[in-house]
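Coordinate analysis (summary)
So you can see what is in the structure, the chains are spelled out below.
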Amino acid sequence: MTQLHSRWVRCITTLVAMSAAVTAQAHPGHGTTNPDSAAHLLEPVHFVTLLAVFSVAGLLAGFLLHRRRKLAKATATARGRMFRRDNA
């Protein structure tokens, strides 16, 4: 198993475990505010989960954007070399 594949498996396993833990805590009386209010999402149980989800999403988006730019730059460099050889 490659290192990248192993990293993805660990990341997905962690997210599944976190979401299972949040679901297990979703019972009446698990918070101090009204469950239908927006303030309920700011309680630590929900806020930490939301922060983790948005952090992972942001890191994934940043990684994919970086990889796309790196690939585009490498492709442009390779095309530039190809055209220079033909014209030289």
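Just above sits the structure.
In short, a report on the structure. (Residues numbered from 1 in each chain as written. Predicted model: local features only at pLDDT ≥ 70, side-chain atom pairs only at ≥ 80, totals over all residues. Heavy atoms only, no water.)

Assigned secondary structure in the protein consists of two helices and zero strands. Here the protein holds 88 residues, and 6% of them are scored as buried. Of the roughly 7600 Å² that the protein leaves accessible, carbon and sulfur atoms contribute 68%. (Helix = DSSP H or I, 4+ residues; strand = E, 2+ residues; numbered from the N terminus. Buried < 20%, exposed > 50% of the residue type's maximum accessible area, 1.4 Å probe, protein only. Areas by Shrake-Rupley, 256 points an atom, 1.4 Å probe, with all protein chains shown as cover.)

Let's shift gears to the environment of Leu41. Here Leu41 is to be found in the loop between helix H1 (3–25) and helix H2 (44–87). In this structure the C-alpha to C-alpha distance between Leu41 and Gly31, which are ten residues apart in sequence, comes to 9.7 Å. Leave out the neighbours within four places in its chain, and Leu41 touches His46, Phe47 and Leu50. (Contact = heavy atoms within 4.5 Å.)

On the surface, Trp8, Ile12, Val16, Leu60, Phe63 and Leu64 cluster together to form a nonpolar patch covering roughly 520 Å² of accessible area. At the level of elements, H1 and H2 are the ones that each hand at least two residues to the nonpolar patch. Relative to the helices and strands, Trp8 resides in helix H1. (Patch = residues over 30% accessible without salt bridge, like charges linked within 9 Å, V, L, I, M, F, W, Y side chains within 5 Å. Salt bridge = Lys/Arg side-chain N within 4 Å of Asp/Glu carboxyl O.)

Honestly, it's all geometry; don't read function into it.
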